[in-house]
Amino acid sequence: MAANRPQRSSRTANPKYPDINLDDLETWGFVNPPASSSPAPFSHPSSDGGPPDLKPRKKRRAPRPPVSFSVLFSSLPAPTADFLDHLTPHLSDLLDTRDTLRVQIARTDDQGRLMSPLTRLEVAELGAGLLEAQAAGPPSELHARLARKLDVQARKRLLSLPLPSLTPYLSLPRTTRVLPMAPPPLHPPPPGVLDALPTRTPYECSFARRLYGASAWRAGHDERLLWRDWEAHARAGWCALMEDVGRHHALMHPDRDSPPFSPAPIDYRPLLPSDLPQVHDLLARTFWLGINVSSSLDYAAEQCTIVALFKRLVVGVALLSSPEEGYVQYIAVRAGWEGAGIAKFMLYHLITSNPQVDITLHVSADSPAMLLYNKFGFKPEAFEVGFYEHYVDTRNRCGNAFKVRLRRG
């Protein structure tokens, strides 16, 4: 049987792999063919009659034939039944050994991820994808660069040369795969530690009492309170004016006891009947006389109304017609409190409290409030000429309005 086997050429690429024929590698383009042993031709005599130039001219190397993708990335042969029978009992050990080896040869890239080189099966599958992309049309720049990297790795592997570094460049296509990193072990705390921790600090001993005061309502125990803002008063011009007035009074009358201006938060809560006189006065100063919003208490006041109070002073109000209609009737902020974020939070409360309907409103064509509505996603859908003609003096104020809508869903 062995005598009839054809003899292979003795020219091999590496003694470790005697089955790799060097002639085949030259045919495929993996190895450059040996240079011809014939002497290089000499140049012709010089034109001035001197001795000829004895320096041989360099022979131009023939271009390397392109490597076929079908040679580099040929499909693996299907395993036989005998091979599977011998492999099945040792499959788990082989997989564990493969994973251990892959972790040992892995490296960490510049992003802190654990990288491992592709296996030959993964290279073959990637090459098959490149072949399909090449058959569909001219390869893209990414496919060409990826094929070149795989080509270099295949050549070096066949010639037993060291492979490139596993750390990939961010600008080049990756020929490595990311290994899943094991999560850090979680150690439960010793028994009894969680039971010894305090579950709740009494209000009398808490930091909240030092911040809000001893009053239960100021401590935030009022169920009607929606939010308390401790930073808005620092942005309000009215508070800065009151502080300047207090300092000027103390400077001009040093013999008198002037009470200091005490800062306080801005509290947001639904509209109450006790707020109606201040709300009517605020709306009359902001829009026009004769506005009455008493009926807003009858239509889901917790969902459609909100007022902002500084101590006991109403500094802002926003009203929605009804949960079904979703029309903002009024939104106003007292003069001197602009820029404190009051209108922003009131509009945010009306939008989040009515998530099922579109929110619509009218805004004057020259009002800077349009910038606030644009931040929340309101889009103008109509321009109505003379919308405010029956309510304001158009000689001093613009009578035209935009109708804007916030679409939901």
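Everything numeric here is computed off the predicted structure, so don't read it as measured data. (Residues numbered from 1 in each chain as written. Predicted model: local features only at pLDDT ≥ 70, side-chain atom pairs only at ≥ 80, totals over all residues. Heavy atoms only, no water.)

**Topic: the overall build of the protein chain**
- The helix and strand tally for the protein chain stands at 15 helices and 13 strands.
- Per-residue burial over the protein chain gives 28% buried out of 409 residues.
- At a minimum sequence separation of 6, the contacts of the protein chain that also span at least 24 residues come to 63%.
- For the protein chain, the exposed area adds up to about 28300 Å²; of that, 58% sits on carbon and sulfur atoms. (Helix = DSSP H or I, 4+ residues; strand = E, 2+ residues; numbered from the N terminus. Buried < 20%, exposed > 50% of the residue type's maximum accessible area, 1.4 Å probe, protein only. Contact = heavy atoms within 4.5 Å. Areas by Shrake-Rupley, 256 points an atom, 1.4 Å probe, with all protein chains shown as cover.)

**A few points about the layout of surface pockets**
- Quantified by volume, the largest pocket comes out at close to 1300 Å³.
- Phe287, Ile331, Ser367, Ala369 and Tyr373 are the residues nearest the centre of the largest pocket, which is lined by 40 residues in total.
- Elements that contribute at least two residues to the lining of the largest pocket include exactly helix H12 (276-286), strand S10 (328-333), helix H14 (342-353), strand S11 (359-364) and helix H15 (369-375).
- With six residues, S10 is the largest single contributor of residues to the lining of the largest pocket.
- For the lining of the largest pocket, a count of residues per class yields 26 nonpolar, seven polar and seven charged. (1 Å grid on protein atoms, 1.4 Å probe; cavity = no way out; pocket = protein on both sides within 12 Å on 5 of 7 lines; lining within 4 Å. Points joined across faces, edges and corners; volume = space filled by probe spheres on them. Nonpolar A, V, L, I, M, F, W, Y, C, P; charged D, E, K, R; others polar.)

**Notes on the sheet that holds strand S7 (residues 266-269)**
- Within the open sheet, the five strands sit side by side as S6-S7-S8-S9-S10. Their pairing is antiparallel. Edge positions in the open sheet fall to strand S6 (227-229) and S10, since each of these has one partner strand only. Direction aside, the axes of adjacent strands within the sheet are offset by 15 degrees on average.
- By the bridge criterion, six bridges tie strand S8 (residues 305-310) to strand S9 (residues 313-320) in an arrangement that is antiparallel. (Pairing = 2+ DSSP bridges. Axes fitted to C-alpha atoms, helices over the stretch in contact; angles between N-to-C directions.)

**Comments concerning the side chain of Ser321**
- Position of Ser321 relative to the elements: it lies in the loop between S9 and S10.
- In contact with Ser321, other than residues within four places in its own chain, are Tyr299, Gly326, Tyr327 and Gln329.

**So, the pairing of S9**
- The element S9 is largely enclosed, with a buried count of seven among its eight residues.
- Hairpin connection of S8 to S9: two residues between the antiparallel strands, including Lys311 at a positive phi of 60 degrees.
- Across five bridges, S9 lies against S10 in antiparallel orientation. Residue pairing for S10: Leu319 is matched across the bridge by Tyr330.

**With respect to the sheet that holds strand S13 (residues 401-406)**
- Across the sheet, which stays open at both edges, the three strands sit in the order S11-S13-S12 with antiparallel pairing between neighbours. Unpaired on one side and paired on the other, S11 and strand S12 (379-384) mark the two borders of the sheet. Taken pair by pair, the neighbouring strands of this sheet meet at an average axis angle of 25 degrees, ignoring direction.
- Where S12 and S13 come together, five bridges link them in antiparallel fashion. Bridge pairing in S13 places Pro380 opposite Val404.

**Things to note about H14**
- With 12 residues, H14 should cover 16 Å at 1.5 Å per step; its first-to-last C-alpha distance of 17 Å lies within 8% of that length.
- Where H14 is concerned, the buried positions are Ile342, Ala343, Phe345, Met346, Leu347, His349, Leu350 and Ile351. (Expected span 1.5 Å × (residues − 1).)

**Focus on the side chain of His362**
- Tracing the backbone through its elements, the reader meets His362 in strand S11.
- In terms of polar contacts, His362 uses its side chain to reach the side chain of Tyr327, at 2.7 Å.
- Reaching out from His362, the side chain makes a polar contact with the side chain of Glu384 at a distance of 3.2 Å.
- In contact with His362, other than residues within four places in its own chain, are Tyr327, Glu384, Phe387, Tyr388, Ala401, Phe402 and Lys403. (Polar contact = N/O pair within 3.5 Å; in protein donor to acceptor, adjacent residues only side chain to side chain.)

**Overview of the confidence of the model for the protein chain**
- On average, residues of the protein chain carry a pLDDT of 75, and 69% of them reach 70 or more.
- Below a pLDDT of 50 lies the segment residues 65-75, which in the model reaches 25 contacts outside its immediate sequence neighbourhood of four places, other chains included.
- Under a pLDDT of 50 for its full length, residues 166-174 has, in the predicted model, 26 contacts with residues more than four places off or in other chains. (pLDDT = per-residue confidence, 0-100.)

**Digging into unusual backbone geometry**
- At Ala300, a position not held by glycine, the phi torsion is positive, near 50 degrees.
- With respect to the helices and strands, Ala300 occurs in the loop between H12 and helix H13 (301-304).
- Residue Lys311 is not a glycine yet carries a positive backbone phi of 60 degrees.
- Within the secondary structure layout, Lys311 lies in the loop between S8 and S9.

**Focus on the packing of aromatic side chains**
- In this structure the tally under the stated criterion is 14 aromatic pairs.
- Between Trp238 and Phe310, the ring centres sit 6.0 Å apart and the planes meet at 75 degrees, which makes this aromatic pair edge-to-face. Remark: Phe310 occurs in strand S8 and Trp238 occurs in helix H11 (residues 237-252); sequence separation between them is 72 residues.
- Ring pairing ties together the aromatic residues Phe287, Trp288, Tyr330, Phe387, Tyr388 and Tyr391, which thus form one cluster. (Phe/Tyr/Trp six-rings, centres within 6.5 Å; stacked < 30°, edge-to-face > 60°.)

**Observations concerning the pattern of salt bridges**
- Going through the model one piece at a time under the given rule, you end up with 10 salt bridges.
- The closest approach of N and O atoms between Lys403 and Glu381, which form a salt bridge, is 3.9 Å. Residue Lys403 is located in strand S13, and its partner Glu381 is located in strand S12; the two are separated by 22 residues in the primary sequence.
- Judged by its relative accessible area of 34%, Glu381 is partly exposed.
- A salt bridge links Glu381 to Arg405, with the shortest nitrogen-to-oxygen separation between them at 2.9 Å. (Salt bridge = Lys/Arg side-chain N within 4 Å of Asp/Glu carboxyl O.)

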